[in-house]
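Breakdown of the fold
Now for the letters of each chain:
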Amino acid sequence: MSALGRAGTTEYVDAEALDWALRMAEPRADWDAFLAWLEADPGRSARYDHAVSLLEAATDMVRDQAFSPTVSNHTSSPSPVRRHWIGGAVAAALIAAIGFGVWHERDRSYMVATAAGEQRAIRLADGSSIALAGGSRVRLDPVRPRSASVLAGQVLFRVRHDASDPFHVNVGDLELTDLGTVFDVRLLGDQTHVAVAEGAVMVDPRGPKLRLGPGQSVTEVDGQLRRSQQDAADVGAWRDGRLSYDDAALRDVADDLSRQLGLPITAAPAVAGRTFNGTLEMRGLRDDPSVLGALLGVEVRHEGSEWILDERR
Amino acid sequence: MPPSGLELVYLENRDRLVRFLRARGAGDVAEDLVHDLWLTVSTRSEGPIANPVAYLHRAADRLMIDRYRSRSQAEKREQAWEKDREGENFMMPTPEREVGARQEAERVVAVLNALGDRKAGIFRRVRIDGVAQRTVAEEFGVSLSTVEADLREAARALITLKDAFQ
């Protein structure tokens, strides 16, 4: 029997090659071990190719099924196992729920959320990917795979470009149409901020039609759009732990820090309205939030579990 | 212009990548392919790469998978054309094909239900969301070897089903 071929009508599931196909799809796959396995027998590469294509076909089948409107509904009751991982991963629960058909007849949109201090990357059905900063929420709709609504926090989009089917993002009062690739969206207090790293984004395609290119950004407050520049390399820098603010009120900076760090930080009324421009490194802050005092020009108090930014005396 | 970080890693690992491509069935064209690989990788616009050596290996692996795929698709087209000539092939009427697709979807659901929430959930999380097996193990509160076993079982059940459709 050929490793590539079929035995009668039953596909030959090559257990060893399938294991390698599963293993090498891992983010931290061991390429040295894989090379050693391949070199030990020249026939193994073709067996692996075959296993990968079967595995990917199987994966596509499940992915298509998750978004297929024809599947019958089967509501599974929550088991102890399930409850366990709902706590750990809301997104997992939601994605699985779609697969099992626990959705409303018309609205099958679902939410992907991160806890404060958590970051998560998700691959979308169309091959695009999004990264959520801590305390963020995004609504996705399987009926409209080329769209997303950002409801809270900060999300970096890496969109697969398709001129005939552009990707749409709703955020705050803004509607964005992707003209290609990588951009960051952030809700901060009453501000909506959009910054482009690569390609271009059209802001409010039905309204003022503002086109942003790499390194350009826009902030919307109360229907007013303000353009600014930002180093393209800094867009999405929150993923590397760098948080930048542009004329942000300290109350909003405190909210954002709470989300990103997973620590409760609030601004006392005396300083809440002050603005801050600059970049903060998350790493140092998580270990010692009191360094915020020098960075933001405030006093930092630790009360119970909470960190409070207040006027210096 | 001095070579970028990724280019340096590529140049340092070029021989190693040729060896990898050869082991992945590239044979005599491995040298050509490694060049193609660099062209593809260097024009790709992605963010910072955490582990460039692994990244290049993965890109090389993907290149070979794509070659395998396009080869087997060409073979399928050839076979279909031969059958056409022999008058064996015919297109199914559209409604029937639609019923076929619906039945296929229902059977996928049936297979996933038979596997149970945990195995199906683990398969989705790893294969569709692209989450590392170790992380998924923590999410589900099971051991890594349980995740591996669940993935294996789910993959086999789905591959068997996929085959039944063909």
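All values reported here derive from a predicted model rather than from experimental measurement. (Residues numbered from 1 in each chain as written. Chains lettered and ligands numbered in written order. Predicted model: local features only at pLDDT ≥ 70, side-chain atom pairs only at ≥ 80, totals over all residues. Heavy atoms only, no water.)

A look at the packing of helix H1 (residues 5–12) of chain B against helix H3 (residues 30–43) of chain B
Residues and elements named next belong to chain B.
- The contact between H1 and H3 brings their axes to 11 Å, and the two run at 170°. Classified by the interaxial angle, the pair formed by H1 and H3 is roughly antiparallel. Crossing handedness for the pair H1 and H3: right-handed. Contacts between H1 and H3 involve Leu-6, Glu-7 and Tyr-10 on the former and, on the latter, Val-34, His-35, Trp-38 and Val-41.
- Of the residues that constitute the contact of H1 with H3, the class distribution is five nonpolar, one polar and one charged. (Axes fitted to C-alpha atoms, helices over the stretch in contact; angles between N-to-C directions. Helix = DSSP H or I, 4+ residues; strand = E, 2+ residues; numbered from the N terminus. Parallel < 35°, antiparallel > 145°, perpendicular 65-115°, else oblique. Left-handed = near helix turned anticlockwise from the far one by under 90°. Contact = heavy atoms within 4.5 Å. Nonpolar A, V, L, I, M, F, W, Y, C, P; charged D, E, K, R; others polar.)

Thoughts on the sheet that holds strand E18 (residues 299–303) of chain A
All names here are of chain A.
- In spatial order, the strands read E16-E19-E18; together these three strands make up an open sheet with mixed pairing. Edge strands, defined here as strands with exactly one partner in the open sheet, are strand E16 (265–267) and E18. Recorded for the sheet is a direction-independent mean angle of 25° between the axes of neighbouring strands.
- Contacts from helix H6 (residues 250–261) reach E16 and strand E19 (306–310) within the one sheet, and its direction differs from that of E16 by about 180°. (Pairing = 2+ DSSP bridges.)

Observations regarding the pattern of salt bridges
- Applying the stated rule across the entire model yields 27 salt bridges over all chains.
- Residue Arg47(A) is joined to Asp14(A) by a salt bridge in which the shortest nitrogen-to-oxygen separation is 2.6 Å. Note that Arg47(A) is positioned in helix H3 (residues 44–66) and Asp14(A) in the segment before helix H1 (15–24), a separation of 33 residues in sequence. Like Arg47(A), the residue Asp14(A) is buried in the burial classification.
- Here Asp32(A) makes a salt bridge to Arg16(B), at a shortest N to O gap of 2.4 Å. Taken together, the residues span two chains, with Asp32(A) in helix H2 (residues 31–39) and Arg16(B) in helix H2 (residues 14–26).
- Residue Arg16(B) is classed as partly exposed on the basis of its relative accessible area of 24%.
- If you follow the salt bridges from partner to partner, you end up with Glu56(A), Arg62(B), Asp66(B) and Arg69(B) in one network. (Salt bridge = Lys/Arg side-chain N within 4 Å of Asp/Glu carboxyl O. Buried < 20%, exposed > 50% of the residue type's maximum accessible area, 1.4 Å probe, protein only.)

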